[in-house]
Amino acid sequence: MALRDPKTHPSVWPSFELAQATGGMELGVSETATSSLTRPEKVSAILAHCLARIDGLDATLGVVRSLSVGTREWILQQVAAQCRPTQDWHEVQCPTCTNRFDISFDLADLPRAGIPDGFPVVRVETDLSAFDLAVPNGATEEKLARHPVMSTLAFLQDCAVTPETATQLAVLSSEELDEIDNALDEATPEPADTIGSTCPDCGSEVTARIEPLSYAFPAPMRVLQDVHRLSSAYHWSEAEVLAMPTQRRLTYVKMVSASTGAA
């Protein structure tokens, strides 16, 4: 099989700069979040929309896809946090008594694991040889989402640092491949994507998964309503409204609402 570029970005928790927020960016993000793309493809597109630079590099789709799986999830949380209150609330249902209650958390400050030794390359030694593999990144994640029945061998070959390593992997037993797969999994950084709490009604322990794509970003209709309101009031085109910095657009919307008495 053809190998991807095996270089996973070397920073686990890189520095990043947000792109200027505009209506066009918001609409692109919201439409992506509700699209039929696979989740990894959505994450790639949203990060490319929202980021200007990553560790000093232009935040192109290629750079975004080179980030490790855990790195991408952490940055997604940071980006989504810009659209939410610092102390956010999330409704969960107790699996024991089925009652619903709210839990509070800071999306931008969820726990994250330490940096694995040798990141982003993992060396696994077997009786045959030592194998160097890159921690899975966004490109691998997208490929797995498109081909969910990908074999362990094909997955590891996709992570192989060199073509020679990929060839050597093909002669290993399934047990040896599983051993390497487990080592790669342990070396992959993971930010927390769940919140634990206690049900106030029955005292059961509850774990809730936090999925930014399902609730954190504005719905497309919110931006389109702003376009409609400003176009009606000022006769600006859709392109002119969407190109406007978000805060300026919202200021105009407030002025129009005040002048018309609309909520």
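Above this text is the structure in question.
Model, not experiment: these values are computed from the prediction.

A.B. asks: Hey, could you go over the overall build of the chain for me, with residue numbers and the actual values?
C.D. replies: Regarding its fold elements, the chain presents twelve helices and nine strands. Overall, the C-alpha framework of the chain stretches about 75 × 50 × 30 Å when taken along its three principal axes. Going through the 263 residues of the chain one by one, you find that 44% of them count as buried. For the chain, the accessible area works out to roughly 13,500 Å², and carbon and sulfur atoms hold 51% of it.

A.B. asks: Give me the sheet that holds strand 3 (residues 57–58): which residues, what numbers.
C.D. replies: The strand order across the open sheet built from three strands is 1-2-3, with neighbouring strands paired in antiparallel fashion. With partners counted over all chains shown, the strands left at the sheet margins are strand 1 (16–18) and strand 3, one partner each. Inspection of the sheet shows strand 2 (residues 51–54) paired to strand 3 by two bridges, in the antiparallel sense. Across the sheet, R53 pairs through a bridge with D58, a residue of strand 3. In the packing of helix 2 (residues 39–50) onto the sheet, contacts are made with strand 1 and strand 2, and the angle to strand 2 comes to roughly 95 degrees.

Scoring rules and cut-offs
Residues numbered from 1 in each chain as written. Predicted model: local features only at pLDDT ≥ 70, side-chain atom pairs only at ≥ 80, totals over all residues. Heavy atoms only, no water. Helix = DSSP H or I, 4+ residues; strand = E, 2+ residues; numbered from the N terminus. Buried < 20%, exposed > 50% of the residue type's maximum accessible area, 1.4 Å probe, protein only. Areas by Shrake-Rupley, 256 points an atom, 1.4 Å probe, with all protein chains shown as cover. Pairing = 2+ DSSP bridges. Contact = heavy atoms within 4.5 Å. Axes fitted to C-alpha atoms, helices over the stretch in contact; angles between N-to-C directions.

These values are about where atoms sit, not about what they do.
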